[in-house]
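# Analysis of the macromolecular model
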Amino acid sequence: ESKREEFQRSIMRGTLALDEEDCAHLDTIQKQRRERDDAVKASVESELALFRAAKEDRTQSQLLEVQEEDEIDTRQDMPVAKAEKSAETAATAKPVPSSNQ
């Protein structure tokens, strides 16, 4: 009987309620985990924002290059540009000696 009572007491000692110190410690652990998780989440979001900004910048650069190429093509197709180009070609061409002399 005494062994049984001692066993019951030992079981009851293991099920003591948490005191204020234990609760404060567990709260601190939970707070640290949340802060760590929040820091990781903020880091991931920051990296994702940087990636998206770089992607947008690359897209804008490619779009500008295409627009510039289109403008050059459009200018070359214009009659004035063709006339200027043929005038430049004529000015830089070597004169052909005439055999009239």
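Residues numbered from 1 in each chain as written. Predicted model: local features only at pLDDT ≥ 70, side-chain atom pairs only at ≥ 80, totals over all residues. Heavy atoms only, no water.

### Points about the overall build of the protein
Put simply, the rule is: Elements are defined by DSSP. Helices are runs of H or I of four residues or more, strands are runs of E of two residues or more, and each kind is numbered from the N terminus. Working definition of accessibility: Shrake-Rupley area with a 1.4 Å probe, residue cover restricted to the visible protein chains.
In terms of regular secondary structure, the protein is built from three helices and zero strands. Along the protein, from the amino end to the carboxyl end, the secondary structure elements read α-α-α. When the accessible surface of the protein is totalled, it reaches about 10000 Å², and 55% of it is carbon and sulfur.

### Digging into the confidence of the model for the protein
Going by this rule: Values of pLDDT, which run from 0 to 100, indicate the predictor's confidence residue by residue.
Per-residue pLDDT for the protein averages 80, and the proportion of residues at 70 or more is 71%. Taken element by element, the predicted model of the protein shows its lowest mean pLDDT in helix H3 (residues 79–92) (58) and its highest in helix H2 (residues 20–77) (90).

### A word on a negative patch on the surface
Basically, it comes down to this: Patches draw on residues past 30% relative accessible area with no salt bridge. Two like charges within 9 Å are joined, as are two nonpolar side chains (Val, Leu, Ile, Met, Phe, Trp, Tyr) within 5 Å. For salt bridges, the criterion is a side-chain nitrogen of Lys or Arg within 4 Å of an Asp or Glu carboxyl oxygen. This count recognises Lys and Arg as positive and Asp and Glu as negative, with His and chain-terminal groups excluded. All charge positions are set by atom: Lys at NZ, Arg at CZ, Asp at CG, Glu at CD. Only protein chains enter the calculation, and the probe is 1.4 Å; a residue is then buried if its accessible area is under 20% of its type maximum, exposed if over 50%, and partly exposed in between.
A cluster of acidic side chains, namely Glu65, Glu68, Glu69, Asp70 and Asp73, defines a negative patch on the protein surface. You can see Glu68 is positioned in helix H2. Given a relative accessible area of 49%, Glu68 falls into the partly exposed group.

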